[in-house]
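Architecture and fold: a report
One letter stands for each residue in the lines below.
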Amino acid sequence: MDAQRLKDIFPEFSMDLIEEIIACGTHKFIDAGTEIMDIGRPIREVPLLLKGKIKVFRPDELGNELFLYFLYPGDACALSLVCSASTGRSNVRAEAVEECEVMAVPVQYMDEWMRKYRTWYYYVLGTYRGRFEEVLRTVDGIAFHNMDERLVRYLLKNQEAAASDELHITHQDIAYELNSSREVISRLLKKLEQRGIISLGRNSIKILKPLEKLVDF
């Protein structure tokens, strides 16, 4: 692993921290669709994402999924950092949305680096804060917003994550992640299509008009 490339992706890291990440971590490539973490599974490594996109969500007993957030290059999963430092087991599920490249760091270095490297300390705190705010927005959406607004927010988040106006996702996938039914999601998507905001295809949704105007941030 090239130290300068790692520095470009994680500019907040000091060079001595980067050198130790390279020495202690494992450079891995993960295929799209691969499950990276699961509920109750021991966390032995914390992935630092170099390339690709990871979806983090929490399933319930019935198989429904509550979407939490995406990870992008330069990110680490805050919940995996928390769990590795406490129970040692995951309380979320994470899946590679596309082919990913990571540096997987053994969890035994987490506490040591918090004391040893100020840049790691501030990175972890910033990661906690950012993800906590995202989880709060998710909770707010469930508690205070109706399903049509939650759907628009979901589409907007996926549009930003894909950096594309065309999303390749099924109605059932959306229903799982919003903890709703496929029939409800299909009906709401059809209403958006009738308003000229989106165009529905086979397992795809094309965004035709800005979604930001439809939600109150």
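Residues numbered from 1 in each chain as written. Predicted model: local features only at pLDDT ≥ 70, side-chain atom pairs only at ≥ 80, totals over all residues. Heavy atoms only, no water.

Before going further, it helps to examine the environment of Tyr122. Looking at the secondary structure, you find Tyr122 in helix H5 (residues 118-144). Sequence-wise, Tyr122 and Glu12 are 110 residues apart; in three dimensions their C-alpha atoms are separated by 8.7 Å. Reaching out from Tyr122, the side chain makes a polar contact with the side chain of Arg118 at a distance of 2.9 Å. (Helix = DSSP H or I, 4+ residues; strand = E, 2+ residues; numbered from the N terminus. Polar contact = N/O pair within 3.5 Å; in protein donor to acceptor, adjacent residues only side chain to side chain.)

Turning to the packing of helix H6 (residues 147-162) against helix H8 (residues 182-194), a few remarks are in order. Two numbers describe how H6 lies on H8: the axes approach to 10 Å, and their chain directions differ by 75°. The angle between the axes of H6 and H8 places the two elements in the roughly perpendicular class. Residues Met147, Asp148, Leu151, Val152 and Leu155 of H6 touch H8, and the partners they reach there are Val184, Ile185, Leu188, Leu189 and Leu192. The class makeup of the residues in the contact of H6 with H8 is nine nonpolar, no polar and one charged. (Axes fitted to C-alpha atoms, helices over the stretch in contact; angles between N-to-C directions. Parallel < 35°, antiparallel > 145°, perpendicular 65-115°, else oblique. Contact = heavy atoms within 4.5 Å. Nonpolar A, V, L, I, M, F, W, Y, C, P; charged D, E, K, R; others polar.)

Looking now at helix H2 (residues 15-24). For H2, the set of buried residues is Leu17, Ile18, Glu20, Ile21 and Cys24. Viewed along the axis of H2, the buried residues span an arc of 165°, placing them on a single side of the element. Set apart from the buried face of H2 by more than 90 degrees, the exposed residues are Glu19 and Ala23. (Buried < 20%, exposed > 50% of the residue type's maximum accessible area, 1.4 Å probe, protein only. Arc of directions from axis to C-beta.)

Everything listed is a geometric property; what it means functionally is a separate question.
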